[in-house]
Structure formats: C-alpha cells, structure tokens
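One-letter residues, chain by chain:
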Amino acid sequence: MTERKRILCIEDDPGTRELLVEELEEAGFEVDACGDGTTGLAAIVERRPDLILCDLDLPGLSGFDILGSIPQAGAAVRAIPFIFLTAYGQRENLIAARRLGCDEYIVKPIDFELLVETVRNRIARSPARTEPGPSVRLTDREVEALTWSARGKSSTDIAVLMRVSERTVNFHIDNAIRKLGVATRIQAAVKAALGGLIAP
C-alpha cells in the first residue's frame, strides 16, 4: 500500500481551512492544518510535509516571511513544494512570491479540482529530499534571545526577561544573525527554527 502524501495547509480563515482539509483528504492526502504563520513554521519543522499550501496574509509570520527563509533552511526544507493560496491577486504580490521561489500562486476563490491536480503534479515533480547536517552552532544566550525574539518580544522586553542590558540582547541577536547568514531577526528566527536550533 502506497504511503499517503502529507499536505500542510497554513490558512487563517476557519471555513476555508476546513474546506481545504475536507477536499484534500477526499483526494487521498493526509492533511495537517494551522491558522497562523508561527504555528505553520513549527509544523514545517516537526512534520516535514510533502507540500505546503500557504495563505499570504497570516497572523504572526506572513507567508512571505516563511517562504523568504526557506532557501536558507537546508536541503530537506528547500525541496518541499510551496504553493501560495491567497485572495491577493495583484501583480506585485505574484512577482514578489515568484522572486522568493514559490512553485505556484493560486488566487481565491479556489477551484478545488484544479488545486488537487496542481498539488499532485508538484509532489510528483519534487526531488528526493535529504536531511541537512548541522552547520551552525548558537550559544545558549543567543538561543534564548532569538527564541524570545521569535515570540514577538522587543529587545527591551528580552533584556528584562534575561536580566541583562538591552545592548547585550542586541549583541546576542546580532551574533545569531551573522552566524545564520541572514539580514533580519525574523529571518534568523525562522531559519533557526527550521534548523531545529530553537523551538518555534
């Protein structure tokens, strides 16, 4: 018996999310669903789905935040097909999504028959995945500062929580950003979470 492929749906509208799960399960897929970007990121890390369906405008991390960090997250995550499913059909959003490397950009309302065929096609064409080896080491303080940052805390808040100065917090976060080879705190938090360096 062939193992069912797993789809991760990141969609904040409960009605749309329920319909996606129902239609995809009926088509023979296993489906995990979540309603915000931060939970979606955690699901990518924990579940390693065969394909990601993601809304653009999400609470927490946006679809762009998630996709923008994937190229730096290792071979296993990079190989997962990523499809945007969004109400935003503007050309500038489509161009931005393509620049970030999305595989498909589908505009709502959803044609479920077309969606199912697109999902099947993308999974069939995706390369075999390999697990990345460990490449970055963060100190305990860098992990702590980045974890709080990923949870939406400011440097001022983190300084109180860690009982250090704000300057020290920024030092640890800047070090983590440099080690991870990214430009921003959000990118650092996403990459660290995808690589299992911090808990999402």
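Residues numbered from 1 in each chain as written. Predicted model: local features only at pLDDT ≥ 70, side-chain atom pairs only at ≥ 80, totals over all residues. Heavy atoms only, no water.

Some words on the overall build of the chain
- Tallying secondary structure elements over the chain gives ten helices and five strands in all.
- On C-alpha atoms alone, the chain measures out to a radius of gyration of 18 Å, which is about the 16 Å that the 2.2 N^0.38 rule sets for 200 residues.
- Its C-alpha atoms give the chain principal-axis dimensions of roughly 55 × 35 × 25 Å.
- Counting the 200 residues in the chain, one finds 44% classified as buried. (Helix = DSSP H or I, 4+ residues; strand = E, 2+ residues; numbered from the N terminus. Rg over C-alpha atoms; globule rule 2.2 N^0.38 Å. Buried < 20%, exposed > 50% of the residue type's maximum accessible area, 1.4 Å probe, protein only.)

Considering the pattern of salt bridges
- Summed over all chains, the structure comprises ten salt bridges.
- Put simply, Asp103 and Arg122 hold a salt bridge, and the shortest N to O gap is 3.9 Å. A residue pair is termed long-range when its members are at least 10 positions apart, and Asp103 in the loop between α5 (91-100) and β5 (104-107) and Arg122 in helix α6 (residues 112-125) qualify at 19 residues.
- By relative accessible area, which is 17% here, Arg122 ends up buried.
- Note that Glu117 is salt-bridged to Arg120, the shortest N-O span being 3.0 Å. Taken together, the residues Glu117 and Arg120, both in helix α6 and three residues apart, mark about one turn of the helix.
- Using a relative accessible area of 43% as the deciding quantity, one classes Glu117 as partly exposed. (Salt bridge = Lys/Arg side-chain N within 4 Å of Asp/Glu carboxyl O.)

Remarks on a negative patch on the surface
- The grouping of Glu18, Glu22, Glu25 and Glu26 at the surface amounts to a negative patch.
- Relative to the elements of secondary structure, Glu18 occurs in helix α1 (residues 14-26).
- The exposed category is assigned to Glu18, whose relative accessible area is 57%. (Patch = residues over 30% accessible without salt bridge, like charges linked within 9 Å, V, L, I, M, F, W, Y side chains within 5 Å. Areas by Shrake-Rupley, 256 points an atom, 1.4 Å probe, with all protein chains shown as cover. Lys, Arg positive; Asp, Glu negative; His and termini not counted. Charge placed at Lys NZ, Arg CZ, Asp CG, Glu CD.)

Points about the state of the cysteines
- Tallying each qualifying case throughout the model produces zero disulfides.
- Looking at the unpaired Cys9, the closest cysteine sulfur is the one in Cys34, lying at 8.4 Å.
- Unpaired in this structure, Cys102 has its nearest cysteine sulfur neighbour in Cys54, at a distance of 10 Å.
- Classification of Cys102 by relative accessible area gives buried; the value is 7%. (Disulfide = S-S within 2.5 Å.)

Notes on the pairing of strand β1 (residues 6-10)
- Burial within β1 is extensive, with four of its five residues counted as buried.
- In terms of strand pairing, β1 meets strand β2 (residues 30-34) through five bridges, oriented parallel. In the strand pairing of β2, Arg6 is matched with Glu30.
- Remark: the β1/α1/β2 crossover connection has right-handed handedness.
- Looking at chain direction, β1 and strand β3 (residues 51-54) are connected through four bridges and run parallel. For Cys9, the partnering residue across the bridge sits in β3 and is Leu53. (Pairing = 2+ DSSP bridges. Right-handed = clockwise from strand over helix to strand, strands pointing away.)

Digging into the side chain of His172
- Relative to the helices and strands, His172 resides in helix α9 (residues 166-180).
- Overall, His172 belongs to the buried group, its relative accessible area being 13%.
- In this structure His172 touches Arg141, Glu142, Ala145 and Met162, once residues within four positions along its chain are discounted. (Contact = heavy atoms within 4.5 Å.)

Description of the nonpolar core
- Grouped together as the largest cluster of nonpolar side chains are 41 residues, with contacts concentrated most on Phe82 and Phe84.
- Beyond its immediate sequence surroundings of up to four residues, Phe82 is in contact with Ile52, Cys54, Gly63, Ile66, Leu67, Ile70, Cys102, Asp103 and Glu104.
- Ile7, Leu24, Phe29 and Ile106 belong to the second largest nonpolar core, which has 17 residues in total. (Core = buried A, V, L, I, M, F, W, Y, C linked by side-chain atoms within 4.5 Å.)

Section: the environment of Tyr88
- Of note, Tyr88 is situated in the loop between β4 (82-86) and α5.
- Taking the C-alpha atoms as reference points, Tyr88 and Tyr105, 17 residues apart in sequence, are found 9.8 Å from one another.
- Beyond its immediate sequence surroundings of up to four residues, Tyr88 is in contact with Leu56, Asp57, Asn93 and Tyr105.
- Reaching out from Tyr88, the side chain makes a polar contact with the side chain of Asp57 at a distance of 3.3 Å. (Polar contact = N/O pair within 3.5 Å; in protein donor to acceptor, adjacent residues only side chain to side chain.)

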